[in-house]
Amino acid sequence: MDLKLQQYINGKWVDAKSDNTRTIINPFNQEIIATVPEGDESDAKAAIAAAREAFDNGEWAFTPATERGAVVRKIAELIERDKEELAYLESLDTGKTVEESRGDMEDIAGVFRYYGELADKDGGELIDSPVPNSISKVVHEPVGVCGQITPWNYPLLQASWKLAPALATGNTLVMKPSEITPLTTIKVFELMEEAGVPAGVANLVLGAGDTIGEELSNNTDVDLISFTGGIATGKKIMQAASVNVKKLALELGGKNPNVIFADADFDLAVDQALNGVFFHAGQICSAGTRLIVEESIHDEFVNALVERVKKFKLGSGFDEDTQMGPLISADHLAKVEKYVEAGIEEGATLAVGGKRPEDPELQKGFFYLPTIFTDCTTDMKVVQEEGFGPVITVEKFRSEEEAVKLSNDSIYGLAGGVFTNDIAKAERCAAKMRMGTVWINEFNLYFPHAPWGGFKQSGIGRELGKLGMEEYTETKHIFQNLKPEPINWF
Ligand SMILES: NC(=O)c1ccc[n+]([C@@H]2O[C@H](COP(=O)([O-])OP(=O)(O)OC[C@H]3O[C@@H](n4cnc5c(N)ncnc54)[C@H](O)[C@@H]3O)[C@@H](O)[C@H]2O)c1
Ligand SMILES: C[N+](C)(C)CC=O
């Protein structure tokens, strides 16, 4: 593996100060694929100090946005140059199919290109001042030192949503990827160094959340935390970040409704219901795991899903016939199994799946069969909680109002879908569904131009789009009196 298996601090590739290491395994067969440094608070402190120095006394914040944009676009070019290697590493690390990883790499290059092009498009604005003989202008400045923490399910995609806008707006940063899937994030730091990101501007620390992650949240030299991960972790970060009132961007979990009306295109809805959940074995924040089907087509729709699910090919992400790979870890597999047990105990009916596969080829990996529960009610834990695995729950509805009510009966508000050929009805539902993204006759589509993020406990703020860039800026009003006179009040 041609990869610097180290941390990157102040422009240097380094081991952990403690010399501790962590092994990284392939979830398909539990083979060791790499050994990386296991940093701790002292490594995090060194990286934060480098980022603080680079922001306070370096040039990056005052580099013309046009030049910053060119560096960010160069990163996009290098990602495209190395996309096959990056896709290989992502599938090796996460178990997802290499086709999915190739798609991720295209998306990721697009994110860096989008923010590279947006970098110098917002020079602020002149205000038509109400005060005679004055100049009033609004400018956007970088926030400062940004702590960036990412999850294991889309390691490089979620990293790109943070790195690209932060660099484009002149911030410095310390990134901590998930300790179990660091490989593509290491690679992109190699590419950022090659693209000319100055020493100290982007720093990479490797290790656990309760050491490095907590240091980033607690350290008063960090001005912003951008976190993507589970709600429980997000709440801990919110509390820790209050130490110096950090700016916060939180992209948290989802339990995403997918509403299927009887007047939908049936085959499209079946296909999209499967795509909406079983990509990456359901380990997707916006997976449409909460299926809500109009009663009149419920049985036919469920039967169609079950027949398709029974034919799924599970296997290695590097086998081109594979449709679904393993879950990320033994711990996560155990969590999904407990989640399914709870569904059975609550009275949901197992229509298909609900156990590990028996295929001898799959016994070394963390595999779980695609699973569908019917006879589900909104009060069930298996309906309300994010299982983060290949598990669909199915509820019925009889009216548009009931469909929307069920969709909104959740602590989450990340994303949702509506399938119908009555576009007026789709728009009415979309207007009432309390979530950051609503797809109509589509599911799990996203691109750099449109903002992404959650209502309610699915998060705070937005990534992607212009809002994703604004998250990394502070807004300043500069007022100049051209004919100043004493006020003589006192
Ligand atoms: N909203 C989105 O866009 C989005 C995208 C991807 C994943 N997710 C969510 O992420 C979750 C799955 O990812 P995960 O299992 O890696 O989540 P997680 O919360 O367990 O870990 C996420 C990151 O936080 C770090 N961390 C753990 N404890 C920490 C602490 N106390 N302080 C600081 N950092 C800490 C981890 O090391 C990891 O890097 C799911 O809930 C999924 O919905 C959301
Ligand atoms: C990539 N995304 C944000 C749609 C799903 C992440 O889990």
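Everything numeric here is computed off the predicted structure, so don't read it as measured data. (Residues numbered from 1 in each chain as written. Chains lettered and ligands numbered in written order. Predicted model: local features only at pLDDT ≥ 70, side-chain atom pairs only at ≥ 80, totals over all residues. Heavy atoms only, no water.)

> Sorry, what's going on with the UniProt feature "active site" (unreviewed entry) in the chain here?
The residues that UniProt annotates with the feature "active site" (unreviewed entry) are Glu251. For glutamate 251, the location among the structural elements is in strand E11 (residues 247-251). Residue glutamate 251 is classed as buried on the basis of its relative accessible area, which comes to 5%. When sequence neighbours within four positions are dropped, the list of residues in contact with glutamate 251 reads Phe227, Thr228, Gly229, Trp452, Gly453, Gly454, Ser458, Gly461, Arg462 and Glu463. (UniProt positions renumbered as here; feature names shortened; annotations may be inferred. Helix = DSSP H or I, 4+ residues; strand = E, 2+ residues; numbered from the N terminus. Buried < 20%, exposed > 50% of the residue type's maximum accessible area, 1.4 Å probe, protein only. Contact = heavy atoms within 4.5 Å.)

> Where do I start with the site of ligand 2 in this structure?
Around ligand 2 sit Asn153, Tyr154, Leu157, Gln158, Trp161, Ile284, Cys285, Ser286, Tyr446 and Trp452, and that is every residue in its neighbourhood. Note that an oxygen atom of ligand 2 is positioned 2.7 Å from one of the side-chain N or O atoms of asparagine 153. With respect to ligand 2, the backbone of cysteine 285 contributes an N or O atom lying 2.8 Å from an oxygen atom. Bound to the protein, ligand 2 loses 98% of the 250 Å² it would expose on its own. Within the shell around ligand 2, the residues separate by chemical class into 7 nonpolar, 3 polar and no charged. For the shell around ligand 2, the domains that each give at least three residues are domain 1 (7-252 + 458-477) and domain 2 (257-440). (Near = heavy atom within 4 Å. Polar contact = N/O pair within 3.5 Å; in protein donor to acceptor, adjacent residues only side chain to side chain. Areas by Shrake-Rupley, 256 points an atom, 1.4 Å probe, with all protein chains shown as cover. Nonpolar A, V, L, I, M, F, W, Y, C, P; charged D, E, K, R; others polar. Domains from an automatic or database assignment.)

> Would you mind showing me how to read the site of ligand 1 here?
Neighbouring ligand 1 are 28 residues, the closest being Thr150, Trp152, Glu179, Thr233 and Glu386. Between a nitrogen atom of ligand 1 and a side-chain N or O atom of glutamate 214, the distance comes to 3.3 Å. Measuring from an oxygen atom of ligand 1, one finds a side-chain N or O atom of threonine 233 at 2.7 Å. Here ligand 1, which alone exposes 850 Å², has 89% of that area covered by the protein. Elements represented by at least two residues in the shell around ligand 1 include exactly helix H7 (209-218), strand E10 (224-228) and helix H8 (231-241).

> What is the right way to read the sheet that holds strand E5 (residues 125-127) from this model?
Remark on secondary structure: sheet strands pair via backbone hydrogen bonds, oriented parallel or antiparallel. The 3 strands are arranged E5-E6-E20 in an open sheet whose pairing can be described as antiparallel. At either margin of the open sheet sits one strand with a lone partner, and together these are E5 and strand E20 (473-481). Each strand of the sheet is rotated relative to its neighbour by a mean of 25°, with strand direction disregarded. Where E5 meets strand E6 (residues 134-142), 3 bridges bridge the pair, whose relative direction is antiparallel. From the neighbouring strand, leucine 126 faces E6, where its bridge partner is lysine 137. (Pairing = 2+ DSSP bridges. Axes fitted to C-alpha atoms, helices over the stretch in contact; angles between N-to-C directions.)

> Looking at this structure, how should I read the nonpolar core?
Core analysis: the largest hydrophobic core is formed by 108 residues, its most contacted members being Phe112, Phe189 and Phe301. Counting contributing residues per domain, this core is built from domain 1 (7-252 + 458-477) and domain 2 (257-440), each supplying no fewer than three. Those residues in contact with phenylalanine 112 that lie beyond four places of it in its chain are Val72, Arg73, Ile75, Ala76, Ile79, Ser160, Leu163, Ala164 and Val188. (Core = buried A, V, L, I, M, F, W, Y, C linked by side-chain atoms within 4.5 Å.)

> Explain the environment of valine 306 to me, please; I cannot follow it from the model alone.
Looking at the secondary structure, you find valine 306 in helix H10 (residues 298-309). On a C-alpha basis, the gap between valine 306 and valine 352 in space is 6.4 Å, while along the polypeptide they are 46 residues apart. Ignoring any residue separated from it by four or fewer positions in sequence, one finds valine 306 in contact with Ala351, Val352 and Ile372.

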